[in-house]
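Observations on the model geometry
What follows is the residue order along each chain.
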Amino acid sequence: MSSSHIQTITSPESLQKFRKSIEGKTAGIKVIRVCIGTGCAAKGSRKLLELFQEAVKESGNGIRVEPKSVGCHGLCERGPIVVIEPGDIIYMGVEEPDVEEIYRETVLGGRIVERLVYKDPETGALSKTEGEIPFYKAQKRIVLKENGNLNPKNIEDYILKGGYTAAAKALSSMEPEEIIEEVRISGLRGRGGGGFPTARKWQSCREAPGEERYVICNGDEGDPGAFMDRSIMEGNPHAVLEGMIIGAYAIGANQGYIYVRNEYPLAVEHLTGAINQAKEYGLLGDNIFGTDFSFDIRINRGGGAFVCGESTALMASLEGRTGEPRAKYVHTVESGLKGVPTNLNNVETWSNIPSIINNGGAWFASIGTEGSKGTKVFSLVGKVENTGLVEIPMGMTLREIIYDIGGGVKDGKEFKAVQTGGPSGGCIPQKYLDAPVDFDELTKLGSMMGSGGMIVMDEDTCMVNVAKYFLNFLKEESCGKCTPCREGVSQMLHILERITAGDGREGDIETLEELALLLRDTSLCALGQTAANPVLSTLKYFRKEYETHIRERKCPAKECKGLFTYEIDPEACKGCMLCLKNCPVDAITGERKQPHVINQEICTLCGTCFEKCPFGAVLKV
Amino acid sequence: MGEELILTVADRYERDEGMLIPMMQDIQKEMGYLPPEDLRRLSGVLEIPLVRIYGVATFYSSFRLAPKGQHDITLCMGTVCFLKGSGKISEAICNEFNVEPGATTEDRLFTMSAVNCVGACALAPVMIVDGQYHDHVTMDSAIKIIRGLKEEG
């Protein structure tokens, strides 16, 4: 916080006045933006920030420079990312020795350090700014717009970018019904996976009988392979708060809760800081913007349970109980947390609200498809060249996302499937790559939108093993309350374990299908109802792979241990003896500079030789 | 110490039983785990049955009822890490150090946990050692990192 005196914001006018004062203060300052999101921080970006801070202190030559820690830019694969203003010059893969050069050349000299800018792997073209990089060019950023531009620990940054103007407008000049109407026009649907129309949920909660109401932000992003919400909470926490303030006013709630996953310590830190700052400035608390509306937000950390992403389980957890879902004969908008009407939305849903209020529902509805409006953030990960966060207008095809933005499958391998929707979703094969991505299309393909994980799989991925992975995940995470889920998932997993171990039987596939339908029809909550999706979708599109495992005892992707063997290619083997030395069971024989041989009777298929061979001479057959 | 800690923690949340999970998180942060006698005290202070507290402690994966090792090793088993070999890495660590996911080594050097996605998929496979993220780990590099802890003592 740069100002010692805190100015309380009591009206839309004072917000505007305050923004003007920050504008004046920051005009003409050069800024070094260092990403400190989890991805870049893991690669040492915090140290870079310190080095830039030192460089600024030492140079002291009258130029005003501010090193700033910012949130995630999205292209985490190429971190740490550093951006220099003016010019928005983006540098990737920055290391400690580069700091001095960047400071001298770019910050002071205004010149580009070419070796650190993005280079197109095919054309070799250099991209100096984010907008020139193909990964960003095809995206449309609403929720992620300011991610990477602002310091998530400083409310002034958010206000400078126009933050809290939507809340000011909503609270001072709109009736609650008008806000809900605007959200209805926008066509916004819940980004947590279900896709329920947001305005309808708000309306029901507003109309539910009772004095009190709660709003909850679901930040329990549990789908493995998804980290959109983490990056939003870490990179732009005030957008989440502003969305909640507007929603709470529209619904008539005075208390909000943010439930954050235990595995996201940085998100908790940034949100906690943001809440404290918003309180200091009078944007949370009593009489916000001088109105008679009061609202407070509390953060709860999850305990580490996937099922708590389910609304009733999450509310049970907020009540200090085990996170077991309940049947929803009575909706949570009528009786939710502590029996009070409760409106729960996901992080990304809340973050969309300020833009909708500022630009109007019609603007939002002009983006996307007939049934799915606006944009959606995906975490594009797995065997793809450019992994990271992408925000695209609904309706873009899978091919455009994976190839145009993602740069295609990694290492020139063959595309096999893309998994969406987390453990409740499914695997979509090559022939549907041209399907447009929206809520309804993905469901038609036997998968679902989910919260936004998009995991690319290549030819080396065994689809039976993928199904087994998800069932194992769900077995661990099933809360155990209802029998079909608790026992059914275990039984299905048991069959898949047999198949991948080479003990599959005729009839296994049919039993899996039967159990899958049972789970879908009889489980209490969405976790159980959708638990069979990974199996059903892989059976639908990759049935042959199951059959090969069962009938030929072979794994076509050569992933399942025991269903393929290792052999040494005598042509490629240089006789370096590395595999021989590392083999834990001494199954490899051979002389130096002579091709080696694996004794299949001794080999335990541990794969050490495959990992160690520098010449790629160990083959899976 | 124990008695005082429980009272402080309970009062921090105005003894609101809805805040049971944050209270237990605070106790664990202080003690490194949830000592049974502290849970018994908490049950007395909040006047809620011990069985409910025990249920919560065993339901959520972040709570532990046994003391931790000197270091914390968290291996991500999210989908992407899994696709990129975290299953094999976990196996290698377990074999090398004679430990199981969720357990602590005999010499109490480290506690190994395997978790479902830490949300750093661009770095997969990811291993977190005492809060520090290691990206793109392999069987070899993971074991080397852990051996390094041993040498540090």
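Since the structure is predicted, the reported quantities are computational estimates derived from the model, not experimental observations. (Residues numbered from 1 in each chain as written. Chains lettered and ligands numbered in written order. Predicted model: local features only at pLDDT ≥ 70, side-chain atom pairs only at ≥ 80, totals over all residues. Heavy atoms only, no water.)

**Section: the overall build of chain A**
For clarity, the threshold we go by: Only runs of H or I of at least four residues qualify as helices and only runs of E of at least two qualify as strands under DSSP, and these elements are numbered from the N terminus. In this description the radius of gyration comes from C-alpha coordinates, and the expected globular size is given by 2.2 Å times residues to the power 0.38. Throughout, exposure labels follow a simple rule: accessible area from a 1.4 Å probe, protein chains only, divided by the maximum for the residue type, with under 20% read as buried, over 50% as exposed, and the rest as partly exposed. Contact definition: two residues touch when any of their heavy atoms are within 4.5 Å.
Looking only at helices and strands, chain A features 24 helices and 19 strands. Whereas a compact globule of 621 residues would reach a radius of gyration of roughly 25 Å, chain A reaches 27 Å, a difference of no more than 12%. Structurally, chain A occupies a C-alpha span of about 80 × 65 × 40 Å along its principal axes. Looking at chain A residue by residue over its 621 residues, the buried ones come to 59%. Counting only contacts in chain A whose residues sit at least 6 apart along the sequence, the fraction spanning at least 24 positions is 70%.

**Examining the pairing of strand β2 (residues 110-115) of chain B**
Residues and elements named next belong to chain B. Which entries qualify depends on this criterion: For two strands to count as paired, DSSP must find a minimum of two bridges between them.
Most of β2 is tucked away, with 5 of its 6 residues classed as buried. Bridging between strand β1 (residues 71-76) and β2 involves 6 bridges; their strand directions are parallel. Within the sheet, the bridge partner assigned to C76 lies in β2 and is V115.

**Section: helix α3 (residues 45-59) of chain A**
Here is the rule we go by: For a helix, the expected span equals 1.5 Å multiplied by the number of residues minus one.
With 15 residues, α3(A) should cover 21 Å at 1.5 Å per step; its first-to-last C-alpha distance of 21 Å lies within 8% of that length. In this fold, the buried residues of α3(A) make contact with β1 (30-35), α2 (38-42), β2 (65-70), β3 (82-85) and α4 (98-108) of chain A.

**Re the interface of chain A and chain B**
What counts, and what does not: By definition here, a salt bridge exists when the distance from a side-chain nitrogen of Lys or Arg to a carboxyl oxygen of Asp or Glu is within 4 Å. The term polar contact refers here to a pair of N or O atoms within 3.5 Å; inside protein, the definition further demands a hydrogen-donor-capable atom paired with an acceptor-capable atom, and it admits residues adjacent in sequence only when both atoms are side-chain atoms. Residue classes follow a fixed rule: Ala, Val, Leu, Ile, Met, Phe, Trp, Tyr, Cys and Pro count as nonpolar, while Asp, Glu, Lys and Arg count as charged, and any other residue, Gly among them, counts as polar.
Residue-level contacts link 52 residues of chain A with 37 residues of chain B. Applying the counting criterion to the chain A and chain B interface returns 1 salt bridge. When the shortest N-O distance is used, the salt bridge between A:K612 and B:D140 registers 2.4 Å. Here chain A and chain B share 20 residue pairs in polar contact (both at pLDDT 80 or more) between them. Of all the secondary structure elements, the ones that give two or more residues to the side of chain A that touches chain B are α2, β9 (296-301), α13 (311-318), β11 (375-382), β15 (453-458), α18 (463-477) and α24 (608-612) of chain A. For the side of chain A that touches chain B, the leading source of residues is α18(A), giving 6 residues. Its residues placed into classes, the side of chain A that touches chain B shows 20 nonpolar, 16 polar and 16 charged.

**Some details on the environment of A:G426**
All names here are of chain A. With respect to the helices and strands, G426 occurs in strand β14 (residues 426-429). Spatially, the C-alpha atoms of G426 and A557 are 19 Å apart, while their sequence positions differ by 131 residues. The contact partners of G426, leaving out residues within four places of it in the chain, are V418, Q419, T420, G446, S447, N533 and S537.

**A word on unusual backbone geometry**
Look at the link from A:G79 to A:P80: it is a cis peptide, with omega at -10 degrees. Look at the link from A:E85 to A:P86: it is a cis peptide, with omega at 0 degrees. Tracing the backbone shows A:P86 in the loop between β3 and β4 (89-91). Phi is positive for A:D88, which is not a glycine, with a value near 50 degrees. With respect to the helices, strands and loops of the structure, A:D88 is situated in the loop between β3 and β4. The phi torsion at B:D130 lies on the positive side, around 50 degrees, for a residue other than glycine. Turning to its location among the elements, B:D130 is positioned in the loop between β3 (127-129) and β4 (132-134). By relative accessible area, B:D130 is classed as partly exposed at 42%.

**A look at the environment of B:R12**
Along the polypeptide, B:R12 turns up in helix α1 (residues 2-12). Each C-alpha atom, one on B:R12 and one on B:M23, is 8.3 Å from the other, the two residues being 11 residues apart in sequence.

**Some details on the nonpolar core**
Buried together is how nonpolar side chains tend to be arranged in soluble globular proteins. Our working definition: Only buried residues count toward a nonpolar core, which is a set of Ala, Val, Leu, Ile, Met, Phe, Trp, Tyr and Cys residues joined through side-chain atoms within 4.5 Å.
Ranked by size, the top nonpolar core spans 137 residues in total, and within it A:Y164, A:I258, A:F289 and A:F295 carry the most contacts. The element contributing the most residues to this core is helix α11 (residues 237-251) of chain A, with 10 residues. If we ignore the near neighbours within four places in the chain, the residues touching A:F295 are A:V215, A:M244, A:I245, A:A248, A:A253, A:N254, A:Q255, A:G256, A:L284, A:G285 and A:I288. Judged by nonpolar contacts, the second largest core, of 69 residues, contains A:L314, A:C482, A:I550 and B:A57.

**Description of the sheet that holds β4(B)**
All names here are of chain B. Short version of the rule: Here an angle of 0 to 180 degrees is reported between the N-to-C directions of two axes, which are lines fitted to C-alpha atoms, with helices fitted over the stretch in contact.
Taken together, the 4 strands give an open sheet; going across it, the order is β2-β1-β3-β4, and neighbouring strands pair in mixed fashion. The sheet terminates laterally at β2 and β4, the two strands that pair on one side only. Going across the sheet, the axis of each strand differs from the next one's by a mean of 20 degrees, ignoring polarity.

**Notes on the confidence of the model for chain B**
What counts is decided by this rule: pLDDT expresses how confident the predictor is about each individual residue, on a scale running from 0 to 100.
Of the residues in chain B, 99% reach a pLDDT of 70 or more, and the chain-wide mean stands at 92. We note a pTM of 0.92 for the whole complex and an ipTM of 0.90 for its interfaces.

**Remarks on α18(A)**
All names here are of chain A. Across its 15 residues, α18 extends 21 Å between first and last C-alpha, which sits within 8% of the 21 Å expected from 1.5 Å per residue. Extensive coverage of α18 is indicated by the burial of 11 of its 15 residues. Within the sequence span of α18, burial applies to M463, V464, N465, V466, A467, Y469, F470, L471, F473, L474 and E477.

**Overview of the pairing of β15(A)**
Residues and elements named next belong to chain A. With 6 of 6 residues buried, β15 lies mostly within the body of the structure. In β15, alternate side chains face the same way, and those of G453, I455 and M457 on one face and M454, V456 and D458 on the other are all buried. One ladder, built from 4 bridges, connects β11 with β15; its direction is parallel. If you follow V381 over to β15, its bridge partner there is I455.

**Comments concerning the state of the cysteines**
Residues and elements named next belong to chain A. We count it as follows: Pairs of cysteine sulfur atoms within 2.5 Å are identified as disulfides in what follows.
The tally for this structure, following the rule as stated, stands at 0 disulfides over all chains. Between C427, a free cysteine, and C462, which holds the nearest cysteine sulfur, the sulfur-to-sulfur gap is 11 Å. Of the cysteine sulfurs around C479, a residue in no disulfide, the closest is that of C525, at 6.5 Å.

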